[in-house]
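Chain by chain, the residues run as shown.
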Amino acid sequence: MRPEEGVMQSRAQAMQAVFGLVTDQPIIFCHGMLAREAYKLNDRPQNFYMIGSAGGAASIGLGLALAHPEKKVLVFDGDGNVLMGMSSLATIGGLKPKNLIHVVFDNEVYGSTGNQPTYSRLIRLDHVAKAAGYVNVERVWEREDIVYECKSMLNQDGPSFLLIKVNEQIEDADRVAVEPADMTKRFRAACESRKA
Amino acid sequence: MIESDDFVRALEGIGCNFFTGVPDMMLAGIIDVLGERRLYTPAVREDEALTMAAGAFLGGKIPVVLMENSGLGKAMNVLMSLNLIYTIPCVMVISWRGFEGEDASEHLVMGQTMPQLLDTIRIPHRTLSEQTLDHDVQWTAKTFMEQRIPVALLVKKGVVKTLQP
């Protein structure tokens with residue numbers, strides 16, 4: 001059942017709710033408008049924004065989570081990206097990294113390319129994640145539920161999958177201004193200093 | 001023939017400490033050694049293996065990605081839109097199926113064009129041999145450090161010992 005439009009957040013609002021809970025945890029952002037919005041709302045050195053490689057954000061998060069088992073790693077993903085990289089849900093479910101939190105902002109469209117519908121309006125991505133072996137799986141759309149579930153996932157062993165149903169509204173946001181090679185350096189340094 | 005164990009130790013010798021990939025029979029001996037030593041994190045697609053390795057590199061690891069060259073086709077977009085753009089390196093160990101046309105038909109086009117494909121997207125590569133193992137691995141380390149992009153070691157049939165089918 002599709003949540004009522006009236007209570008759904010925009011993706012930017014939903015991201016803000018999660019940003020309010022994170023401290024120094026690294027976050028991987030899938031490519032597209034999601035990354036641009038995040039850059040505008042809350043740029044920080046622990047943010048890694050993708051500009052291509054659709055479907056790959058969760059796997060980058062997985063590799064990072066395996067390299068840094070002592071810290072929670074977040075992935076901000078979209079429904080189109082999850083559908084494209086769905087096989088990586090099996091890898092995550094199979095490996096079960098306790099420190100990975102996969103947050104999916106599901107607006108049921110390819111919002112960066114003209115709002116073509118995705119299959120997530122027909123397929124429950126949270127069910128897919130559960131079947132793939134994620135330990136904590138929740139589907140939410142209201143702000144207080146986003147905050148509640150995200151808080152508990154930050155304090156629980158994962159892997160966790162938080163599906164946030166959002167509306168199609170897009171924040172007016174420019175391209176990420178950090179050069180990719182600089183972002184790699186900046187992000188690695190931020191991860192290193194966390195480890196110390 | 002290079003023992004799989006020696007090959008793994010040679011890679012460890014240059015600092016490699018995160019191993020992922022998708023299996024090929026020609027790489028089965030290497031994966032077996034890595035599995036026994038609990039060093040291997042299996043991926044389900046080659047592009048996924050590369051992105052996982054990228055995450056590991058961002059977390060301070062020196063990653064190795066094992067794949068058959070058919071997987072190079074799947075991995076192309078990640079190489080071009082992630083590794084080369086963000087200067088995220090890894091060591092790619094690619095089995096050369098279809099070398100000199102001696103393989104099943106699905107491997108022939110890739111077998112013939114792989115070096116040119118790698119040249120086109122400017123991935124440095126070198127073909128591994130038993131006689132030059134040490135040099136090959138040292139070259140890999142040097143190129144990795146200098147260029148900060150993926151470096152490919154190509155493995156022909158019979159060069160690294162594999163499992164008996």
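Residue positions are given per chain, counting from 1 as you read along its sequence in written order. Chains and ligands are labelled by the order in which they are written, letters from A for the one and numbers from 1 for the other. Per-residue local features are limited, in this predicted model, to residues with pLDDT of at least 70; the limit for side-chain atom pairs, both in listing and counting, is 80 or more; totals at the level of whole chains, interfaces and linings are taken over all residues. The basis for every side-chain value is the complete set of heavy atoms in the structure, and neither hydrogens nor water enter the calculation.

## Here's the deal with the layout of surface pockets
Residue and element names in this part refer to chain A. As a reminder of what qualifies: In this analysis the probe radius is 1.4 Å and the grid spacing 1 Å, with only protein atoms considered; a cavity is a set of points the probe fits into but cannot get out of, a pocket is an open set with protein on both sides within 12 Å along at least five of seven lines, and lining residues have an atom within 4 Å of a point. Grid points are joined across faces, edges and corners, and a volume is the space filled by probe spheres set on the points. Going along the chain from the N terminus, every DSSP run of H or I of four or more residues is numbered as a helix, and every run of E of two or more is numbered as a strand. Under the scheme applied, nonpolar residues are Ala, Val, Leu, Ile, Met, Phe, Trp, Tyr, Cys and Pro; charged residues are Asp, Glu, Lys and Arg; polar residues are all the others, including Gly.
The space that makes up the largest pocket amounts to roughly 570 Å³. Looking at the largest pocket, it is lined by 29 residues, and the ones nearest its centre are His 31, Gly 32, Met 33, Asn 81 and Ser 112. At the level of secondary structure, the elements contributing two or more residues to the lining of the largest pocket comprise helix H2 (33–42), helix H4 (79–84), strand E5 (109–110) and helix H8 (180–195). Per-class residue counts for the lining of the largest pocket are 16 nonpolar, nine polar and four charged. Quantified by volume, the second largest pocket comes out at close to 400 Å³.

## So, the packing of aromatic side chains
As a reminder, the rule being used: Stacked, tilted and edge-to-face are the three classes applied to pairs of Phe, Tyr and Trp rings, where Trp contributes its six-membered ring and a pair requires centres within 6.5 Å; stacked means planes under 30 degrees apart, edge-to-face means over 60, and tilted covers the rest. Burial classes follow relative accessibility: with a 1.4 Å probe on protein chains only, a residue under 20% of its type's maximum area counts as buried, one over 50% as exposed, and anything between as partly exposed. Both a distance and an angle decide whether a charge sits over a ring: NZ of Lys or CZ of Arg must be within 6 Å of the ring centre and within 35 degrees of the ring normal.
Under the criterion given, the structure shown has 11 aromatic pairs over all chains. Look at A:Phe29 and A:Phe76: their rings are 5.1 Å apart centre to centre, the planes differ by 75°, and that puts the pair in the edge-to-face class. Remark: A:Phe76 occurs in strand E3 (residues 73–78) and A:Phe29 occurs in strand E1 (residues 27–29); sequence separation between them is 47 residues. By the burial criterion, A:Phe29 is buried, and A:Phe76 matches it. Here the aromatic rings of B:Trp96 and B:Phe99 are separated by 4.8 Å at their centres, their planes lie at 70°, and the arrangement is edge-to-face. In this structure B:Phe99 comes out as partly exposed when scored by relative accessible area, which is 24%. The ring of B:Phe57 has A:Arg188 sitting right over it, with the charged end atom 3.7 Å from the ring centre.

## Topic: the nonpolar core
To keep things clear, this is the line we draw: The set of buried Ala, Val, Leu, Ile, Met, Phe, Trp, Tyr and Cys residues whose side-chain atoms join them within 4.5 Å is what this entry labels a nonpolar core. Should any heavy atoms of two residues lie within 4.5 Å, those residues are counted as being in contact.
Core analysis: the biggest nonpolar cluster contains 112 residues, and A:Phe48, A:Phe76, A:Phe105, A:Ile164 and B:Leu72 have the highest contact counts within it. With eight residues, the single largest contributor to this core is helix H3 (residues 46–58) of chain B. In this structure B:Leu72 touches B:Met67, B:Leu79, B:Met92, B:Ile94, B:Met110, B:Met114 and B:Leu118, once residues within four positions along its chain are discounted.

## A look at the interface of chain B and chain A
Stated formally: Using a 1.4 Å probe, buried area is obtained as the accessible area two parts lose upon being combined, added over both of them. Between Lys or Arg on one side and Asp or Glu on the other, a salt bridge is scored when a side-chain nitrogen of the former is within 4 Å of a carboxyl oxygen of the latter. The definition of a polar contact used here is a pair of N or O atoms within 3.5 Å, where within protein one atom must be able to donate a hydrogen and the other to accept one, and adjacent residues in sequence count solely through side-chain atom pairs.
The partner chain A presents 27 residues to the 24 residues of chain B that form the contact. For the chain B and chain A pair, buried surface summed over both sides reaches about 2000 Å², with 65% attributable to carbon and sulfur atoms. Along the contact surface separating chain B from chain A lie zero salt bridges. At the surface where chain B touches chain A, the tally comes to seven residue pairs in polar contact (both at pLDDT 80 or more). Taken together, the elements giving at least two residues each to the side of chain B that touches chain A come down to strand E2 (40–42), H3 and helix H4 (69–86) of chain B. Residue composition of the side of chain B that touches chain A, by class: 12 nonpolar, eight polar and four charged.

## Let's talk about H4(B)
Count 3.6 residues to each turn of an α-helix, and residues three or four apart come out pointing the same way. Residue and element names in this part refer to chain B. What counts is decided by this rule: Each residue is assigned a bend, namely the angle between axes fitted to the seven residues that terminate at it and the seven residues that start at it.
Bending of H4 peaks at approximately 55° at the position of Ala 75. Within H4 the residues assigned to the buried category are Asn 69, Gly 71, Leu 72, Ala 75, Met 76, Val 78, Leu 79, Ser 81, Leu 82, Asn 83 and Tyr 86. Directly after H4, the chain includes Thr 87, whose backbone phi takes a positive value near 45°.

## Some points on the pattern of salt bridges
For the structure shown, the criterion picks out 18 salt bridges over all chains. Across the pair A:Glu171 and A:Lys40 runs a salt bridge whose closest N-O atoms are separated by 3.4 Å. In this pair, A:Glu171 is assigned in the loop between strand E8 (160–165) and H8 and A:Lys40 in helix H2, connecting sequence segments 131 residues apart. A salt bridge links B:Asp5 to B:Arg9, with the shortest nitrogen-to-oxygen separation between them at 3.2 Å. Of this pair, B:Asp5 and B:Arg9 both sit in helix H1 (residues 4–13), four residues apart, roughly one helical turn. A residue is classified by how much of its surface remains accessible, and B:Asp5, at 29% relative accessible area, is partly exposed. Taken together, the salt bridges that share partners define one network made up of A:Asp106, A:Glu108, A:Arg121 and A:Lys165.

## Let's talk about the sheet that holds strand E2 (residues 47–49) of chain A
Sheet strands pair by backbone hydrogen bonding; their relative direction is either parallel or antiparallel. All names here are of chain A. In plain terms, the rule: DSSP calls a pair of strands paired once it identifies at least 2 bridges connecting them. Axis lines are fitted through C-alpha atoms, for helices just across the contact stretch, and the angle between N-to-C directions can take any value from 0 to 180 degrees.
The strand order E2-E1-E3-E4-E8-E7 describes an open sheet built from six strands, whose pairing is parallel. Where the open sheet ends on each side, the last strands, each with one partner, are E2 and strand E7 (136–140). Adjacent strand axes in the sheet meet at a mean angle of 15°, parallel and antiparallel pairs treated alike. Here E1 runs beside E2; their pairing, made up of three bridges, is parallel. By the bridge assignment, Ile 27 is partnered in E2 with Asn 47. Sheet strands in contact with helix H3 (residues 57–67) are E1, E2, E3 and strand E4 (100–106), and its direction is about 175° off that of E3.

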